[in-house]
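Spelled out, the chains give:
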Amino acid sequence: MTNLPLLLALAAGATLASTSAAAAETCVGTPGNGAAKLVLEATTLHNAVGEVAFTVYPDDKGRFLSKGGKLARARVSAAQPHACFWLKPGYYAIAQHR
């Protein structure tokens, strides 16, 4: 019984931490006007050192990976390799750079 307050405190801390992390998430782009939220996550990294860049390109072969062809980019820590974008619904190409 003496561990119950400690467990409740730990559970409350975990809930607050996850809520704060979700609230702190910043997406590239602007929500509203019919924009959809695209969430990307790198799942096959060999380690958590450095950063990962996610680049969004339009549905246009000529612009994919070309200089000046990107629509948006997010650089994030490899320790938490996820990013989000607000985009109008449509088709896009995504590149992940390490």
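First, a word on scope: everything that follows refers to the structure included in this document. Residue positions are given per chain, counted from 1 along the sequence in the order it is written. At least 70 in pLDDT is required for a residue's local features to be given in this predicted model, at least 80 for side-chain atom pairs to be given and counted, and no such filter applies to totals for whole chains, interfaces and linings, which use all residues. Calculated side-chain values reflect all of the structure's heavy atoms, with hydrogen atoms and water omitted.

A few words on the overall build of the chain. Secondary structure counts use DSSP, requiring at least four H or I residues in a row for a helix and at least two E residues in a row for a strand, with both numbered from the N terminus. When helices and strands are counted, the chain shows one helix and five strands. Summary of the burial criterion: residues with accessible area below 20% of their type's maximum are buried, those above 50% are exposed, and those between are partly exposed, where the area comes from a 1.4 Å probe applied to protein chains only. Per-residue burial for the chain yields a buried fraction of 21% across its 98 residues. Excluding contacts between residues fewer than 6 apart, the proportion of contacts in the chain whose partners are at least 24 apart in sequence is 69%. With the model as given, the accessible surface of the chain reaches about 7,100 Å², and the carbon-plus-sulfur share is 58%. When checking whether two residues touch, look at their non-hydrogen atoms; a contact exists if any pair is within 4.5 Å. To be clear on the numbers: accessible area is Shrake-Rupley with a 1.4 Å probe, and residue cover counts the displayed protein chains and nothing else.

Cysteine sulfur atoms are paired as a disulfide whenever they fall within 2.5 Å. A full pass over the atoms with the stated rule returns one disulfide. In this model Cys 27 forms its disulfide with Cys 84; the gap between the sulfur atoms is 1.8 Å. One quick way to see it: the torsion about the S-S bond of Cys 27 and Cys 84 is about -95°, and its sign makes the bridge left-handed. Note that Cys 27 is positioned in the loop between helix H1 (4-24) and strand E1 (36-41) and Cys 84 in strand E4 (residues 82-87), a separation of 57 residues in sequence. On the accessibility criterion, Cys 84 (2% relative accessible area) is buried.

With that out of the way, let us pick up unusual backbone geometry. The residue Asn 33 is not glycine, and still its phi comes out positive at about 50°. Note on placement: Asn 33 falls in the loop between H1 and E1.

Looking at the element boundaries, Thr 55 is found in strand E2 (residues 51-58). Reaching out from Thr 55, the side chain makes a polar contact with the side chain of Arg 73 at a distance of 3.0 Å. Those residues in contact with Thr 55 that sit more than four places away from it in its chain are Lys 70, Ala 72, Arg 73, Ala 93, Ile 94, Ala 95 and His 97. Whenever a nitrogen or oxygen atom comes within 3.5 Å of another N or O atom, the pair is scored as a polar contact, on the condition that within protein one atom can donate a hydrogen and the other can accept it, and that pairs from neighbouring residues in sequence are kept only if both atoms are in side chains.

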